[in-house]
Amino acid sequence: MNNPIVQREYIGALRTRWALAMQVGAAFVFALLVLIRWPTDARVDLAGERAEQVFRVFGYGLLGAMLLLVPVFPATTIVREKIQGTLALLLNSPLTNWGIYYGKLLGVVGFAVLPLVVSLPAAAACYAMGGIDLIGDIGALYFILLLVVVQYAALGLLVSSRASTTVSAMRITYGLVLAMAVLSLGPYQFMQGRPPGLLLNAATWLRSLSPIPAVMDVLGQRDIAAQGIFSQGGDIWRFMVLALLTTAAFMIATIVRLKQTMFDRPRDQGVITDDRGAGGRAVRRMVYLIDPQRRKSAIARWVNPVMIKEFRSRRFGRSHWMLRLVAVCALISLGLTYVATAGTLDWGVETIGGIMVVLQVALIVFIAPSLAAGLISSEHEVGSWTLLRMTPMSAGTIIRGKLASCTWTMLLILLATLPGYALMMVIKPILRQQVLYVLFSLVLTAAFAIILSTTISSFFRRTAPATITAYAILIGLCGGTTLIWLGRDAPFGHAVVENALRFNPMLAALSIIETPGFENYNLVPANWWIIGGATLLLLVVLHIQTWRLTRPE
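Since the structure is predicted, the reported quantities are computational estimates derived from the model, not experimental observations. (Residues numbered from 1 in each chain as written. Predicted model: local features only at pLDDT ≥ 70, side-chain atom pairs only at ≥ 80, totals over all residues. Heavy atoms only, no water.)

### Let's talk about the overall build of the protein chain
Helix and strand content of the protein chain: 27 helices and zero strands. Looking at the 553 residues of the protein chain, the share that counts as buried comes to 49%. Sequence separation of 24 or more characterises 80% of the internal contacts of the protein chain that already satisfy a separation of 6 or more. Taken as a whole, the protein chain presents about 27100 Å² of accessible surface, with 67% of it coming from carbon and sulfur. (Helix = DSSP H or I, 4+ residues; strand = E, 2+ residues; numbered from the N terminus. Buried < 20%, exposed > 50% of the residue type's maximum accessible area, 1.4 Å probe, protein only. Contact = heavy atoms within 4.5 Å. Areas by Shrake-Rupley, 256 points an atom, 1.4 Å probe, with all protein chains shown as cover.)

This is the structure in structure tokens:
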């Protein structure tokens, strides 16, 4: 039976400029990934090593594109209909909740599969080089990526059914994708190499929730980050099992949600503190050290009113939530300190420091656009920029206030790993200068990410495309140049790889702390000059664009 929602969702998405840009851009990038590793000499590679190198770069690039592009459309499709009021019409139509979900899932999956379709010519070029199996290599890679598309599409629809705005839906979806694809690798990285046991098995299954190990297994690089003697295989079938189970759970949760009661927002009357148990009363006293209902005093003359406005209007921006964020950061610090202590004894300070740098840069890349990409575009979207423009505040005051509101939050997050770095200096005092350089690189990376996202926000009138653009640039900067590192020594020489990596702030920090694989590259202070110069240039552009937006029309 034909489902009208499939045609409506799929064809409606194809008519957008975003769909055209995604198809053309993805085809260009995939072709470029193959060309940069294509053999330039006339010698025949009978062993198929060059074909494997080309296929690896292509596979990692295709996986990165899927993680970046797939969550965009499913994360906004249901919440947009809810805001426009058309979702209520769908729920009152003869279609069942399963029919509505089935139509939307097929529509978004059909749209998200487009990058896979346009990558087929590049995959055919890899196969034409020889040494690549059509079923075992190319077929397995595309099967895993198809599971990724369906899994993250179902996740995006679940978040979209529960979110209240498109921006929050995108932020939550990208956060969950980051947790499932990257953060789930952390426990196994710290525990691998130890004798088999319950904790190691749990970390192995948690790691298999990410598609990265399965793709690495297909590309023949399963143990590229392995430590120790014991290394378990079977990443592909474990990922298949977990992908199918999580997809089914996401689908069921969304289908149950699609009914008339989803528009109701009943609020529990709650229980007074004295009627709670002893544990509940103790937790409540700790949580409400700062009373959320306390009246705010007047804004002092020396305080930027725009910064106060951002904190008061932003969700989780009030002082009591900020203090709770500090408490969470303190707990994270204690955990990282313990991990750094235990892991250093087994692996060494450099490897542990590299893992901490990667996790921290991943948090910066995720949080900075979610904080800053809507600073100006959201004002246009809700119509409050006109009111802000009527105030006597200058463009510089507006910029400083908005940037300060994001900077304080980012600083709290950066402070979460300071105890771990401090302990590394205690364990190996010779690394003190390197750790200080790493911290400077991370602070510079955070400043660049915030100012870049804010500058992008000033050129958009809607927050969703501004957020997507900021994520694409930051992920491309941190992840795109890493693909060149994968091609080191063949065909790229040391000088070419080093010059390319100087644009990547994450890899610069890894080279400072001498993480294995990056200890031979001298990326600083060149990277500091590049990122610092780009930050200052973006700040000038932001000031000019904000000044232009504050002028009378």
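### Re the packing of helix 23 (residues 432–458) against helix 26 (residues 505–512)
Relative orientation and spacing of two packed helices are given, respectively, by the angle between their axes and the distance between those axes. Running from N to C, helix 23 and helix 26 cross one another at 175°; their axes reach a closest spacing of 9 Å. In terms of orientation, helix 23 lies roughly antiparallel with respect to helix 26. On helix 26, the residues touching Gln434, Tyr437, Val438, Ser441 and Thr445 of helix 23 are Pro505, Ala509 and Ile512. The class makeup of the residues in the contact of helix 23 with helix 26 is five nonpolar, three polar and no charged. (Axes fitted to C-alpha atoms, helices over the stretch in contact; angles between N-to-C directions. Parallel < 35°, antiparallel > 145°, perpendicular 65-115°, else oblique. Nonpolar A, V, L, I, M, F, W, Y, C, P; charged D, E, K, R; others polar.)

### Focus: the side chain of Asn504
Locating Asn504 in the fold gives a position in the loop between helix 25 (494–501) and helix 26. Among residues more than four places away in sequence, those in contact with Asn504 are Leu477, Cys478, Thr481, Thr482 and Asn527.

### With respect to the environment of Ala51
Among the structural elements, Ala51 can be located in helix 3 (residues 49–69). A relative accessible area of 2% means that Ala51 is categorised as buried. Separated by 76 residues in sequence, Ala51 and Tyr127 have C-alpha atoms that sit 7.7 Å apart.

### Focus: unusual backbone geometry
A cis geometry characterises the amide bond from Val524 onward to Pro525, with omega recorded as 10°. Its place among the elements puts Pro525 in the loop between helix 26 and helix 27 (526–550).

### Focus: the packing of aromatic side chains
Here a ring pair, both rings aromatic, is described through the centre-centre distance and the interplanar angle of the planes. Enumeration over the complete set of coordinates arrives at seven aromatic pairs. On the basis of an interplanar angle of 55° and a centroid distance of 5.3 Å, the ring pair of Phe73 and Phe111 is categorised as tilted. Placement of the pair is Phe73 in the loop between helix 3 and helix 4 (74–84) and Phe111 in helix 6 (residues 97–112), with a sequence separation of 38 residues. Grouping residues by exposure puts Phe73 and Phe111 together as buried. Following the ring pairs from residue to residue traces out a cluster consisting of Trp98, Tyr101 and Tyr102. (Phe/Tyr/Trp six-rings, centres within 6.5 Å; stacked < 30°, edge-to-face > 60°.)

### Some words on the environment of Trp408
Structurally, the position occupied by Trp408 is in helix 21 (residues 395–414). Under the relative-accessibility criterion, Trp408 is labelled exposed at 52%. In contact with Trp408, not counting residues within four places along its chain, are Met307 and Phe311.

### Details of the nonpolar core
Counting residues in each nonpolar core, the largest one holds 82 residues, and the members touching the most others are Phe55, Phe58, Tyr101, Leu116, Val149 and Tyr152. Looking at which element gives the most residues to this core, the answer is helix 9 (residues 134–162), with 15 residues. Excluding its chain neighbours within four sequence positions, the residues that come into contact with Phe55 are Cys126, Ile132, Asp137, Ile138, Leu141 and Leu219. (Core = buried A, V, L, I, M, F, W, Y, C linked by side-chain atoms within 4.5 Å.)

### Topic: the pattern of salt bridges
The full count for this structure, using the stated rule, is three salt bridges. The closest approach of N and O atoms between Glu81 and Lys104, which form a salt bridge, is 2.7 Å. Residue Glu81 is found in helix 4, and its partner Lys104 is found in helix 6; the two are separated by 23 residues along the sequence. Look at Lys104 and you get buried, because its relative accessible area is 1%. The residue Glu498 makes a salt bridge to Arg502 at a minimum N-O spacing of 3.3 Å. Residue classification places Arg502 among the partly exposed positions, given a relative accessible area of 23%. (Salt bridge = Lys/Arg side-chain N within 4 Å of Asp/Glu carboxyl O.)

### Considerations on helix 8 (residues 120–128)
Every buried residue of helix 8 is accounted for by Ala122, Ala123 and Cys126. Each buried residue of helix 8 sits inside an arc of 100° when the element is viewed along its axis, so together they form one side. For helix 8, the exposed residues lying more than 90 degrees away from the buried face are Pro121 and Ala128. (Arc of directions from axis to C-beta.)

### Observations regarding a nonpolar patch on the surface
Taken together, the side chains of Trp205, Trp237, Val241 and Leu245 define a hydrophobic patch exposed on the protein surface, amounting to about 400 Å² of accessible area. Here Trp237 shows up in helix 14 (residues 235–257). (Patch = residues over 30% accessible without salt bridge, like charges linked within 9 Å, V, L, I, M, F, W, Y side chains within 5 Å.)

### Remarks on the confidence of the model for the protein chain
When pLDDT drops low, the exact placement of atoms in the prediction is not to be read closely. Residues of the protein chain with pLDDT of at least 70 account for 78%, and the chain-wide mean is 78. In this model, residues 227–231 is a region of pLDDT below 50 whose contacts with residues beyond four sequence positions or in other chains number 13 contacts. Every residue in residues 291–295 is under pLDDT 50, and counting partners more than four places away or in other chains gives one contact. (pLDDT = per-residue confidence, 0-100.)

### Points about helix 26
An α-helix turns once per 3.6 residues; consequently, residues spaced three or four apart project the same way. Burial analysis of helix 26 places eight of its eight residues in the buried class, the great majority of the element. For helix 26, the set of buried residues is Pro505, Met506, Leu507, Ala508, Ala509, Leu510, Ser511 and Ile512. Just downstream of helix 26 lies Glu514, where phi reads positive at about 60°.

### Let's talk about the packing of helix 21 against helix 27
Where helix 21 contacts helix 27, the axes come no closer than 9 Å and their chain directions differ by 125°. Here helix 21 is positioned oblique relative to helix 27, judged by the angle of their axes. Classified by chirality, the crossing of helix 27 by helix 21 is right-handed. Contacts from Ala395, Gly396, Ile398, Ile399 and Leu403 of helix 21 reach helix 27 at Leu539, Leu542, His543, Thr546, Trp547 and Thr550. (Left-handed = near helix turned anticlockwise from the far one by under 90°.)

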